[in-house]
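Here is what each chain is made of, one letter per residue.
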Amino acid sequence: MGIMGESYYMNNYRKIGEDVFISKDALIKKPHLCDIGSHNAIDNGVTISTELIMGDYIHIAPFVVVIGGEKSKLILEDFSFVASGTKIVCGSEDYTGAGLVGPTIPAQYRKINYTTVKFERFSGCGVNCSIMPNVTLAEGSILGANSLLTKSTEPWTIYIGSPAKPIKIRNKDIIIEYAKQMGYIYNKE
């Protein structure tokens, strides 16, 4: 298994694949809610407080923060990536006055929206992005550095800005061909 950390920590994951690196400086608050596939890396300074589902060949770069609590979820499908400094908000307080706000307030006095953020196959984001609750980066889509994503993307499209807007289409054929050369079986479903 190639994981760094203490054996108690390593054995706490719901599922863990082969060739996995998790930095001893990463803070995964709920490892029992994590399925981690093979050929993955979670670098130093990463903090994750949600359920986490990772496919294969995924990199979470240094100082990524994923928040939203254990009832929220981050799904990273095969060949997706999250670049350094990105903030992913999978769940958030309701700020409209439906309750008090803050993690130190008892749950019965707060209204929290728990959601899922999903990176489909071959999608990813550049450094220092902000990704808001309940969005999906569609297959092959990319979010450029320093961008804010508030809505789901279209497949194989590059987005930049705050809020993010589409600017270009990616060459999906070469990307899928390289994955196939690695032994990856690509199904359109």
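My aim in this report is to walk through the structure given alongside it, one point at a time. (Residues numbered from 1 in each chain as written. Predicted model: local features only at pLDDT ≥ 70, side-chain atom pairs only at ≥ 80, totals over all residues. Heavy atoms only, no water.)

**So, the overall build of the protein chain**
We count it as follows: Each helix corresponds to a stretch of at least 4 residues labelled H or I by DSSP, and each strand to a stretch of at least 2 residues labelled E; elements are numbered beginning at the N terminus. The globule rule used here is 2.2 Å times the number of residues to the 0.38 power, and the radius of gyration it is set against is calculated over C-alpha atoms. Exposure classes here rest on a 1.4 Å probe applied to the protein chains alone. A residue is buried below 20% of its type maximum, exposed above 50%, and partly exposed in between. In what follows, residue pairs with any heavy atoms lying within 4.5 Å of each other are defined as contacts. Each accessible area is a Shrake-Rupley estimate made with a 1.4 Å probe; only the visible protein chains count as cover when residues are assessed.
A tally of helices and strands in the protein chain yields two helices and 22 strands. Taking 189 residues into account, the globule formula puts the C-alpha radius of gyration at 16 Å, and the protein chain, at 17 Å, falls close to it. Taken along the three principal axes of its C-alpha coordinates, the protein chain extends 55 × 45 × 25 Å. Residue burial in the protein chain is summarised as follows: out of 189 residues, 44% are buried. By sequence separation, contacts in the protein chain at least 24 residues apart represent 22% of the contacts at least 6 residues apart. In the structure as shown, the protein chain presents an accessible area of about 9,800 Å², 54% of it carried by carbon and sulfur atoms.

**Section: the pairing of strand β7 (residues 51–54)**
What counts is decided by this rule: Strands were regarded as paired on the criterion that DSSP finds at least two bridges between them.
With three bridges joining them, strand β4 (residues 34–36) and β7 adopt parallel strand pairing. Bridging across to β7, I36 finds its partner in M54. Two elements, β7 and strand β10 (residues 73–76), share four bridges in a ladder whose sense is parallel. Looking across to β10, one finds that M54 is bridged to L76.

**Examining the pattern of salt bridges**
Threshold: Whenever Lys or Arg places a side-chain nitrogen within 4 Å of a carboxyl oxygen from Asp or Glu, that contact is recorded as a salt bridge.
As enumerated under the stated definition, the model contains eight salt bridges in all. Note that E51 is salt-bridged to R14, the shortest N-O span being 2.9 Å. With E51 in strand β7 and R14 in the loop between α1 (7–11) and β1 (15–16), this residue pair connects regions lying 37 residues apart in the sequence. R14 gets classed as partly exposed once you look at its relative accessible area, which sits at 41%. Among the ionic pairs, K118 bridges to E77, the shortest N-O distance being 3.3 Å. Residue K118 is located in strand β15 (residues 116–119), and its partner E77 is located in the loop between β10 and β11 (81–82); the two are separated by 41 residues in the primary sequence. On the basis of relative accessible area, K118 is assigned to the partly exposed category, the value being 25%. The class for E77 is partly exposed, based on a relative accessible area of 23%. One network of salt bridges, with partners in common, ties together R14, D35 and E51.

Geometric descriptors of this kind do not, in isolation, establish any biological role.
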